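Architecture and fold: a report
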Amino acid sequence: MKYLRYSVEQLKIAYQLIRWTLIIIPVSLVVGSLVALFLWLLEQVTLIRQEHGWLLYLLPLAGVLIYFLYKKLGSNAEAGNNLIMDEIHEPGGGVPASMAPLVLATTIITHLFGGSAGREGTAVQIGGSMANMLARWMRLSSADVRIILMTGIAAGFGAVFGTPLTGAVFALEVLAIGLIRYDALIPCLIAAVFADIVCSAWGIHHTHYQILFDQSNIVFHFVHFDFLLLAKVIVGGVAFGLASYLFSICIHNIKAGAKRWIRPAWLIPVAGGIIIIAAVHLLGTRDYIGLGVTSPDPGGVSIVSAFSNTPISSWGWLWKLLLTAITLGMGFKGGEVTPLFFIGATLGHTLAVLLGAPVDLFAGLGFIAVFAGATNTPIACTLMGIELFGTSHVLYFAVACFTAYYFSGHAGIYSAQRIAVPKNHHID
């Protein structure tokens, strides 16, 4: 009788897997296609901005346009990723369908006119918005709405970076510090994989990064790492965690300060745009606006250049941090993650030079570890290191991400992220 009960249970599990696969396929098709459109548009507007430098001077006006678009059409969509996370924690008013076209359009506007922003936030909001819309059409229960919203996050993240395994685990890990939600494990994986396939099928290609460092000087054959290098990685992890903390408190404080001191509210993005224009002139370069994946200047600072031995500014990571915090904290739209990649990779390059460590390895460690600290997702970011750079240095990936996670404190970039297990057990 016991075996019969277990067999029935496994049949129910098989039914749920088939059911969720059928639910998720349309989510993945829609999200993967919209992310592909978004990435194509992002590439086009980046080229236009680089060819027409005068567009930067219209950034304050672009900010006003973004403000009124959200005021007239946004409803509660301005809360962005935090709204999606709140709906997963406690389903209520839902995620408006207008969030997807609004965030797509306003992120494109931000990048066209020179704001320093990323793309993850846009992709996740597209995923959450479309998943919620399909959930209403399918009349899913509140419990199922939670899961389908998580699959939307996984689909958007996996498609925008070409890292489906990371996207799946990120959706499970990002909701609460110290806790992974297993109830959506398979649905999130299915959503991320299918969305990535759909996005790639549209001809979208992701930037490839390489760590060419070859660890061949191991003294003991039974130890698969260099003790001295590991110590340097730990030092780097501390620095990456502190950079994550600095980014998080900057963006939150700038947002709160702007709302408190600048009136009327539409002047906030105007002030932000003027500050960015002034910063570009003071720094004498445009390397710190836009995505920052590559630079039109052969000697410019970018994520790609951080992986090479070419000398770059030792303070490039700080300038990108400040310009991104100003952009996103003062009303412009986009994601935080690609700027975090820039901050981490350039900081890693600087630390490698100071510590006498491999530049490409430390750029890769910073790439994933600053992101891990800012989002409190060390496991997802370790997996991202494997998906992007291979398995050769997985121990260093884990050490850097886990260390950064602890040293970033509890000040993550998502205010809706809850604390399930504090990093310091003396904190209630």
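So, about unusual backbone geometry. Across the junction of Arg263 and Pro264, the peptide omega takes the value -10°, indicating a cis bond. Inspection of the secondary structure assignment puts Pro264 in the loop between α9 (227-261) and α10 (267-283). Unlike most non-glycine residues, Arg139 shows phi in positive territory, near 55°. Take Arg139: it is sitting in the loop between α5 (120-138) and α6 (142-161). Owing to a relative accessible area of 78%, Arg139 belongs among the exposed residues under this scheme. Its identity is not glycine, yet Asn376 carries a phi of approximately 55°, on the positive side. Locating Asn376 in the fold gives a position in the loop between α14 (359-375) and α15 (378-389).

As enumerated under the stated definition, the model contains two cavities of 30 Å³ or more in all. Computed from the structure, the largest cavity encloses a volume of approximately 90 Å³. Only α6 and α15 provide two or more residues apiece to the lining of the largest cavity. Taken together, the residues of the lining of the largest cavity sort by class into seven nonpolar, three polar and one charged. Its boundaries defined by the atoms lining it, the second largest cavity holds a volume of some 40 Å³. Lining the second largest cavity are Asn81, Met85, Glu120, Val124, Ile153, Phe170, Val174 and Tyr414. For the lining of the second largest cavity, the elements supplying multiple residues, two or more each, are α3 (81-89) and α5. Residues that form the lining of the second largest cavity fall into these classes: six nonpolar, one polar and one charged.

Below, the discussion takes up helix α16 (residues 394-407). Taking 1.5 Å as the rise per residue, α16 with 14 residues should run 20 Å; its terminal C-alpha atoms sit 20 Å apart, in good agreement. Buried within α16 are the following residues: Tyr396, Phe397, Ala398, Val399, Ala400, Cys401, Thr403, Ala404 and Tyr405. For α16, the secondary structure elements touched by its buried residues are β1 (176-177), α9, α14 and α15. A positive backbone phi angle near 70° is found at Gly409, which sits one or two residues after α16.

Counting 140 residues, the largest nonpolar core has Ile303, Phe307, Phe362, Leu365, Phe367 and Phe371 as its most contacted members. Apart from residues no more than four positions distant in its own chain, Phe362 is found in contact with Leu229, Lys232, Val233, Gly236, Phe240, Gly348, Leu351, Ala352, Leu355 and Ala357.

Looking now at helix α8 (residues 185-201). Across its 17 residues, α8 extends 25 Å between first and last C-alpha, which sits within 8% of the 24 Å expected from 1.5 Å per residue. Of the positions making up α8, those classed as buried are Pro187, Cys188, Ile190, Ala191, Ala192, Ala195, Asp196, Val198 and Cys199. Gly203 sits one or two residues past α8 and shows a positive phi near 90°.

On to the environment of Val353, then. With respect to the helices and strands, the residue Val353 is situated in helix α13 (residues 337-355). Sequence separation between Val353 and Asn309 is 44 residues, and the spatial gap between their C-alpha atoms is 9.2 Å.

Definitions and cut-offs
- Residues numbered from 1 in each chain as written.
- Predicted model: local features only at pLDDT ≥ 70, side-chain atom pairs only at ≥ 80, totals over all residues.
- Heavy atoms only, no water.
- Helix = DSSP H or I, 4+ residues; strand = E, 2+ residues; numbered from the N terminus.
- Buried < 20%, exposed > 50% of the residue type's maximum accessible area, 1.4 Å probe, protein only.
- 1 Å grid on protein atoms, 1.4 Å probe; cavity = no way out; pocket = protein on both sides within 12 Å on 5 of 7 lines; lining within 4 Å.
- Points joined across faces, edges and corners; volume = space filled by probe spheres on them.
- Nonpolar A, V, L, I, M, F, W, Y, C, P; charged D, E, K, R; others polar.
- Expected span 1.5 Å × (residues − 1).
- Contact = heavy atoms within 4.5 Å.
- Core = buried A, V, L, I, M, F, W, Y, C linked by side-chain atoms within 4.5 Å.

Read these as geometric descriptors, not functional statements.
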